[in-house]
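# Descriptive analysis of the structure
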Amino acid sequence: MNHLKDLYCSEEEDDEQLDEGLSAGLPSEILDKYCISPNVEKYEYALGSDMRGANFAIGKWSSFVFIETRPSRRQQSLLDAILHKASARLGHTSTMLAPVFNPLHVSELGSPLPLHVSLTANLDFGSARELDTFAKMLQIEVLQNFPAGPLDITFAPRLRVYDNIEHSSLFLALEVAAHVKSRSISRLCTLITESLDFCRSHEPSQRDAARSSAWSFENAHMSIARCDNSAITRKYAHQCHLSPAFSAAALRSYRQELANLNQLLESMPLESELLDELKFQCSGIKLTKERANVWAPFASLG
Amino acid sequence: MDTGSVTRFVTSKEDIAYEYELQSDGDNLVVWRRYLEHKKTQENDSALAWVYERCCFQFPGSTEMWLEYMMWRVSLLSGANSVLYAEEFEKCNQLFEKAMYLCYQSVELWELYLRHVVEQRNLHLIRVLLNKALRHLHMEYHIRVWDIVIEFIENAVLDPQVALEAEEDIDALVNESLFNPMDQSGVADVWSSHILSRYIQVAEDLEHALYLLGLTQDHPEIAKAYRKYIIDMPFSPAVHTAYEFHCTYLRSLEKSSSHSEYTQAMAQCMEMFPEQKSSLIIQLAKYYIGKADLFTARSTLLDALASTVTSKSFSEIYDFLVKLLEAFASSSIQQAQKNTESENHQQLESDLAYNMDLLEYLLESHSLLLNDLKLRQNVNDVGTWLERADLFSSPAEKVNVYTDAITKIDHLKTTIPGSFGQLWCCLAQLYTTSGKLDAARETYDRGLRVPYKSLSDLENIWCAWAEMELECGRIQASIKLLREALKVPKSAGLVVDAYNTGNSSVPAKAITFISQRLWTLYIDLLESTCESPAGIEETVRAYEQLIALKLATPLNFINYSHFLQEQGQWDESFKIYERAITIFPGQARFDIWSLYLQQSLDRKRPAETMRDLFEQALKVVEEDVDCPSLFILCSDFEHSCGLEKRSIDVLLRGCRECKSLSAKVALWKACLSFSKERLGAESSRPLYEECIKTLPNSRATSFALEFAETEAILGDYDRVRAILRFGAGLIHPDRNAQLWNYWSEFELKHGDKSTYKEMLKMKRELASTMKVSTEAVSQKDGNIAFVASNTEPKNPGTPPVTTEIAENPEEIVLDI
């Protein structure tokens with residue numbers, strides 16, 4: 001009977017279904033199956049003798065864990081407004097040095113993109129099997145050892161500029177609220193670490209260890225914009241290139257400039273109403289595996 | 001010996017003589033035989049029987065005598081009805097009993113007796129006699145006795161159709177099982193099964209014995225024997241299939257065993273005969289119907305319908321399920337009319353309603369169920385998914401189908417290039433038509449992240465996305481998309497090589513920049529928007545990049561040139577033509593030259609430049625390209641410059657250099673016509689002569705006629721006659737009617753009787769001497785003509801021989 005009931009529905013249900021089917025946007029199963037584009041640049045490098053600058057590691061299986069959100073139209077416009085305001089604020093420093101951020105909630109070609117709160121740095125695994133085990137273990141850990149029900153992600157009323165580990169890109173980010181970091185994010189990070197310890201058959205590589213140490217749950221944030229070619233990063237790269245001996249001094253100067261930017265942003269608090277509209281709920285975390293995202297849900301309340 | 005018998009049967013003198021002889025020599029079998037022979041001639045059966053009996057009792061141990069006597073007795077009853085003549089048969093039986101008592105070791109007598117009893121259809125007696133025979137005869141003769149009984153069982157007792165017919169009628173099965181339960185076990189042939197069960201133990205042909213046992217409907221016995229000989233032991237039938245025996249076993253278990261044993265045997269059967277799964281499923285469903293368990297029968301069929309992977313199984317199960325539901329509906333309605341008790345009535349109504357709903361669903365969703373089947377067969381078949389989407393009308397349902405498709409298809413296993421990309425486009429199109437442009441963009445964006453093997457998948461998505469943006473009036477967004485798609489990597493050649501040699505390991509995304517389709521769209525968009533110098537520059541850059549990537553076609557070059565012309569950059573546009581001419585060979589080069597020269601003429605470029613261009617252009621004739629139009633264009637150009645002789649010389653050059661006959665003919669026509677028109681009729685004389693000599697006969701005749709007409713205009717009638725004579729000799733008069741008509745008219749107008757006669761004489765001579773026309777023969781269907789060689793003779797000193805090329809529409813060139 002239930003089977004038949006499923007096949008037939010009332011007209012009202014029909015309309016609802018139609019609305020739901022399309023207004024929810026592209027189903028998340030599809031988004032998760034093909035989340036990472038093929039890295040075609042590697043074929044250029046692989047064929048040439050010069051491997052420098054290749055942003056990939058041969059014989060490594062990488063992943064990282066994150067909380068994902070798909071901003072609504074309203075949230076997208078709020079993020080645009082924040083970005084606009086922040087750009088104006090950062091422009092006060094010096095028009096030459098002010099980074100020009102591009103929003104991350106929309107691609108350069110105009111397609112909406114999900115945003116995420118990272119829970120780890122990039123993780124390298126020695127084999128596909130290790131990565132599989134990690135994914136399975138993490139799913140179990142999250143299901144069993146994380147409080148049931150959806151998790152509210154709220155943000156602190158300030159923006160911050162972060163950079164990547166290579167100091168080549170800058171990110172404008174919303175800080176995750178302190179209580180979320182201390183209660184939930186830290187717990188999730190512990191579960192991730194435990195899962196990693198369970199599956200890894202070798203000590204993390206130097207590169208992996210450096211990345212992990214640079215990342216901490218206390219810095220949990222959601223990047224909303226990115227700048228790949230700012231004057232600050234260019235200047236740093238230039239100084240390092242000219243005199244590698246003085247790279248420490250260059251780094252100090254670079255850090256100082258970042259601190260200056262953050263200081264400017266300190267004076268631009270975000271309104272609580274705005275933050276209320278940007279908060280979101282998640283009912284699980286995700287990790288990347290090959291081209292796809294793997295979903296690790298929290299236990300449900302019911 | 002009683003006196004009554006003597007008076008009745010001893011009637012002749014010969015009888016008396018034999019009786020006397022027997023009195024004296026009664027132990028002599030020869031005398032008895034002679035007496036019997038004598039009695040046989042009298043045709044008195046009673047008298048003969050009287051003598052036989054006396055003889056048999058005289059020689060009680062003579063098997064031969066008894067056999068002869070009993071055979072004669074049995075022959076008397078041959079064809080007689082054993083019921084009507086029961087008394088006679090009984091008498092015979094008693095005689096047999098006497099004989100068997102005396103000759104119990106005679107297998108022939110036992111066989112005769114058994115056959116006699118079989119003839120009577122006396123089952124009890126057959127069984128008793130079989131037992132007796134087996135008891136008295138030696139083991140080696142048992143099989144002879146068994147054969148008689150088994151033959152009788154096979155031919156007279158069992159009917160192979162009974163078992164089959166009982167299974168056919170689903171309506172009756174539903175009606176009887178669900179509404180009128182009664183004993184459906186049927187009548188078992190216990191007599192046969194009992195005998196066959198014993199026979200199986202000694203039978204040489206076990207398969208046949210088991211088959212016969214299967215026909216008896218004695219299910220417990222069948223199940224027992226089959227379990228022993230088929231299930232527990234290796235069994236390989238030769239005449240019937242193993243599946244038939246297992247089916248019989250299942251039928252027997254159904255009637256005689258527990259549910260668990262039946263279901264276990266059924267599961268085993270399904271495992272053993274996967275190709276028969278649908279039949280077994282139907283059998284299982286019938287089993288449940290027989291147990292009045294419609295619910296399980298239905299769910300068994302529905303489950304099978306949802307898991308079967310062959311079309312045959314699907315249609316069998318589907319048809320049976322539909323029939324079952326129809327039968328149930330029909331029986332339920334009849335039952336409801338009979339049964340008016342409220343409780344049962346309500347239950348019946350509820351069941352009926354559910355089954356009717358299910359039936360309706362099955363009938364309505366037949367296409368969908370078939371589509372399910374196709375997807376079970378190959379989930380990576382994009383075409384099937386697209387067909388599935390067409391089965392639904394609402395966008396939400398279609399989205400679900402596309403989502404299923406994208407998540408279930410393994411893009412590396414799709415077989416049709418471009419199809420998976422098309423699937424993404426269909427999904428995006430759905431969002432576009434519903435006004436959800438962001439979702440459409442998101443779809444295209446995700447679709448581009450798939451590591452396709454084939455470039456056409458990516459082309460489909462990029463083009464669809466760009467077209468969507470165009471439809472939304474966002475032309476710059478379209479351009480931006482395509483610019484991104486066509487971003488050329490630093491080591492483009494290396495990437496293309498990696499893709500070509502990578503054996504599908506390199507995704508097509510790496511070589512998107514070599515997509516001709518995307519470049520064409522990109523350039524079209526750029527051209528349509530380039531109003532600013534920057535736009536023009538970008539378009540030029542795009543064209544140049546296309547050329548640098550060696551992707552540009554002749555059409556791209558022509559478009560590029562036209563684009564520059566539209567911008568007023570004529571010199572640049574001519575340079576593009578010149579670049580194209582250096583790149584493309586043969587026919588393409590000729591096409592480009594045609595456009596280039598025409599545009600150069602239109603632009604009135606300096607005469608020397610034009611001459612230079614024509615000189616280069618006419619070299620395409622060396623590449624075996626037919627280019628009469630270029631020669632004519634060049635000739636027209638020289639004519640326009642006032643150089644008449646030069647214009648004719650150009651055409652003459654064309655006539656000599658062009659290889660194809662049609663080009664030659666066209667050029668000769670132009671050459672002769674322009675020569676007469678521009679230089680006067682006399683100037684055409686040497687041209688006509690050359691033309692007629694070089695063209696094949698079939699084509700030369702029309703020029704000969706033209707030549708004659710020209711000479712007639714010039715008034716040189718002798719030359720006219722000479723030319724006509726020459727032209728007439730080229731081909732058979734029947735095929736040269738125009739020339740002969742003209743000649744006839746000419747002679748009537750300008751000749752006399754003798755010239756006319758001479759003409760007719762020549763026509764007759766030609767008609768008789770040119771009977772065999774090799775050209776005509778070669779033109780017949782199926783014949784192949786020799787083809788003139790294109791190569792020069794090897795000996796350079798030898799003058800070229802003018803070859804008459806026969807025109808043959810079916811001519812082929814063998815390039816070996």
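It should be emphasised that the depicted structure is a prediction, and the values quoted were computed from it without experimental measurement. (Residues numbered from 1 in each chain as written. Chains lettered and ligands numbered in written order. Predicted model: local features only at pLDDT ≥ 70, side-chain atom pairs only at ≥ 80, totals over all residues.)

## Thoughts on the overall build of chain B
What counts here: Runs of E in the DSSP output that reach at least two residues are strands. Runs of H or I that reach at least four are helices, and both are numbered from the N terminus. Using C-alpha atoms as the atom set, the radius of gyration is obtained and then compared with a globule rule of 2.2 Å times the number of residues to the power 0.38.
Scanning chain B for helices and strands turns up 43 helices and zero strands. For 816 residues, the compact-globule estimate of 2.2 N^0.38 gives 28 Å, and chain B exceeds it by more than 25% at 52 Å. Dimensions of chain B, computed from C-alpha atoms along their principal axes, come out at roughly 155 × 95 × 55 Å.

## Thoughts on the overall build of chain A
Our working rule: Put simply, a residue is buried when 20 or more other C-beta atoms lie within 10 Å of its own C-beta and exposed when 12 or fewer do; between those, it is partly exposed, and each C-beta is set from the backbone. Note on contacts: each residue gets a C-beta atom placed from the backbone, and two residues are in contact if those atoms are within 7 Å.
Each helix and strand in chain A was counted, giving 11 helices and 12 strands. The buried share of chain A, taken over its 302 residues, is 28%. Of all intrachain contacts in chain A linking residues separated by at least 6 positions in sequence, the fraction that spans at least 24 positions is 79%.

## Structural notes on the UniProt feature "domain: Pre-mRNA-splicing factor Syf1-like N-terminal HAT-repeats" (unreviewed entry) in chain B
The test is simple: UniProt positions are given in the numbering used here, feature names are shortened, and annotations may be inferred rather than shown by experiment.
Mapped onto the present numbering, the UniProt feature "domain: Pre-mRNA-splicing factor Syf1-like N-terminal HAT-repeats" (unreviewed entry) falls at residues 14–157 of chain B. Across residues 14–157 of chain B one finds 82% helix and 0% strand; the C-alpha atoms that close the span lie 50 Å apart.

## Section: the interface of chain B and chain A
One widely used convention gives an interface's size as the accessible area the parts lose upon coming together. Counted only if it meets this: In this count, Pro and Cys sit with the nonpolar residues alongside Ala, Val, Leu, Ile, Met, Phe, Trp and Tyr, while Asp, Glu, Lys and Arg are called charged and the others, Gly among them, polar.
Taken together, the 40 residues of chain B in the interface contact 30 residues of chain A. Counting residues per element, the side of chain B that touches chain A draws most heavily on helix H25 (residues 437–447) of chain B, at eight residues. Taken together, the residues of the side of chain B that touches chain A break down into 21 nonpolar, seven polar and 12 charged.

## Some points on the pairing of strand S8 (residues 170–176) of chain A
Regular strands place their side chains on alternate faces of the sheet. Residues and elements named next belong to chain A. Note the cut-off: By the convention used here, strands pair only if DSSP detects at least 2 bridges between them.
In terms of burial, S8 is largely enclosed, as six of its seven residues are buried. Here strand S7 (residues 155–163) pairs with S8 via six bridges, running antiparallel. If you follow Phe 155 over to S8, its bridge partner there is Val 176. Hairpin connection from S7 to S8: six residues lie between these consecutive antiparallel strands, with His 167 at a positive phi of about 55°. The sheet contact formed by S8 and strand S9 (residues 221–227) spans six bridges and is antiparallel. Paired with Leu 170 across the bridge in S9 is Cys 227.

## Digging into helix H33 (residues 586–602) of chain B
Residues and elements named next belong to chain B. Put simply, the test is: What a helix should span is 1.5 Å times the count of its residues minus one.
Counted at 1.5 Å a residue, the expected span for H33 with its 17 residues is 24 Å, and the 24 Å between its end C-alpha atoms agrees. Next to the buried residues of H33 lie helix H31 (554–566), helix H32 (570–583), helix H34 (607–617) and helix H35 (628–640). Lys 604 occupies a position one or two residues after H33 and carries a positive phi of about 55°.

## Quick look at H25 of chain B
Counting buried positions along H25 of chain B yields nine of 11 residues, so the element is predominantly enclosed. Within H25 of chain B, the full set of buried residues consists of Ala 439, Ala 440, Arg 441, Glu 442, Thr 443, Tyr 444, Asp 445, Arg 446 and Gly 447 of chain B. Looking at the packing, one finds that the buried side of H25 of chain B touches helix H3 (28–33) of chain A together with helix H24 (419–433) and helix H26 (455–471) of chain B.

## Considerations on the nonpolar core
Residue and element names in this part refer to chain B. Heads up, the rule is: Structurally, a nonpolar core is described as a collection of buried Ala, Val, Leu, Ile, Met, Phe, Trp, Tyr and Cys residues joined by way of C-beta atoms within 7 Å.
With 126 residues, the main nonpolar core has Leu 423, Trp 462, Leu 482, Tyr 522, Cys 671 and Ala 704 as its most contacted residues. Setting aside residues up to four positions removed in sequence, Leu 482 forms contacts with Trp 462, Ala 466, Leu 518, Leu 521, Tyr 522 and Leu 525. Of all hydrophobic cores here, the second largest spans 82 residues; its members include Tyr 52, Met 100, Ile 126 and Tyr 287.

## Some details on unusual backbone geometry
Residue and element names in this part refer to chain A. In this model, Glu 290 sits at a positive phi of 55°, which is unusual for a non-glycine residue. Mapped onto the secondary structure, Glu 290 falls in the loop between strand S11 (284–289) and strand S12 (292–297). The exposure class assigned to Glu 290 is partly exposed, which follows from the 13 C-beta atoms found within 10 Å.

## Notes on the packing of helix H7 (residues 107–120) of chain B against helix H8 (residues 123–136) of chain B
All names here are of chain B. Put simply, the test is: Each axis is a line fitted through C-alpha atoms, taken for helices only over the stretch in contact, and angles between the N-to-C directions span 0 to 180 degrees. Angle categories are assigned with fixed cut-offs, so that under 35 degrees is roughly parallel, over 145 is roughly antiparallel, 65 to 115 is roughly perpendicular, and the rest are oblique.
Packing of H7 against H8 brings their axes to within 9 Å, and their N-to-C directions diverge by 170°. Overall, the two elements H7 and H8 adopt an arrangement that is roughly antiparallel. Along the contact surface, H7 presents Trp 110, Tyr 113, Leu 114, Val 117 and Val 118, while H8 presents Leu 125, Ile 126, Leu 129 and Ala 133. For the contact of H7 with H8, a count of residues per class yields nine nonpolar, no polar and no charged.

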